[in-house]
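Residue-level listing of the chains:
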Amino acid sequence: MEQIQKDSGLVTGSDGRARPEWAAHDALLRNYYDTEWGMPIRDEQGVFERLCLQGFQAGLSWRLVLNKREALRRAFHGFSPDKVAVMDGIEHLLDDDSLIRNRRKLQAVITNAQATIALRGDESAGGGLAELIWSYQPDQTPRPRSLKEVPATSDESRALAKDLKKRGFSFVGPTTCFALMEVIGVVDTHLLGS
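Residues numbered from 1 in each chain as written. Predicted model: local features only at pLDDT ≥ 70, side-chain atom pairs only at ≥ 80, totals over all residues. Heavy atoms only, no water.

A. Molecular detail of the nonpolar core. Judged by nonpolar contacts, the single largest core of 54 residues is most densely connected at Phe76, Leu129 and Ile184. When neighbours within four sequence positions are excluded, Leu129 is seen to be in contact with Glu44, Val47, Phe48, Leu51, Thr116, Leu119, Leu164 and Phe169. (Core = buried A, V, L, I, M, F, W, Y, C linked by side-chain atoms within 4.5 Å. Buried < 20%, exposed > 50% of the residue type's maximum accessible area, 1.4 Å probe, protein only. Contact = heavy atoms within 4.5 Å.)

B. Focus on the side chain of Lys68. As for its position among the elements, Lys68 is in helix H3 (residues 62–75). One buried charge, Lys68, has no salt-bridge partner; the nearest side chain with opposite charge is Asp97, at 6.4 Å. Once residues lying within four places of it in the same chain are set aside, the contact partners of Lys68 are Asp97, Ser98, Leu99 and Ile100. (Helix = DSSP H or I, 4+ residues; strand = E, 2+ residues; numbered from the N terminus. Lys, Arg positive; Asp, Glu negative; His and termini not counted. Salt bridge = Lys/Arg side-chain N within 4 Å of Asp/Glu carboxyl O.)

C. Fine view of the packing of aromatic side chains. Tallied over the entire structure, the rule returns 6 aromatic pairs. Both rings, one in Phe48 and one in Phe79, keep their centres 6.2 Å apart while their planes meet at 65°; by these two values the pair is edge-to-face. Remark: Phe79 occurs in the loop between H3 and helix H4 (81–85) and Phe48 occurs in helix H2 (residues 44–57); sequence separation between them is 31 residues. Put simply, the rings of Trp22, Tyr33 and Trp37 pair up and form one aromatic cluster. The ring of Trp134 has Arg42 sitting right over it, with the charged end atom 3.6 Å from the ring centre. (Phe/Tyr/Trp six-rings, centres within 6.5 Å; stacked < 30°, edge-to-face > 60°. Lys NZ or Arg CZ within 6 Å of the ring centre and 35° of its normal.)

D. Fine view of the environment of Gly16. Here Gly16 shows up in the loop between strand S2 (10–12) and strand S3 (18–20). Along the backbone, Gly16 and Asp163 are 147 residues apart, and their C-alpha atoms lie at a distance of 42 Å.

Structure below.
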């Protein structure tokens, strides 16, 4: 039986684990929260995939993105930046209903793969995409007690978005960058008690 903590928004499941409401009631979201969300990811391909998935989420639910994740992996060669960067377009993907068929978002994956490759060896980027994003880790991470206290952006996510755009990335606004920072562990917004 679930127990809801009204003040925090945490839900304690039958397994005794406390999770935020967004991850408490759906098996796909619960598994994602328990096994992946907020776990440190520092490899280029892992960071690139999460960057692309966050771009796909803009205006959509995270559950939809997770539901289409495997199809997106197939369409974009497992999110290998080297393979994606040389794709000759996205027209063939627009008719595939297993994907999120937004032309701009699909094209952004190729654009971002090319920008990712350009970062390799760039000392101003720390040597690559993962290093650049992790360089924006704040000195202190939020310590939210409730969902209301979880920010949607930060000074660091605004600066990161500006930096990525300057380097040729797209679909990388401050909110998207903050969500990326949460997903790969750059910031920890787990609710206290979860």
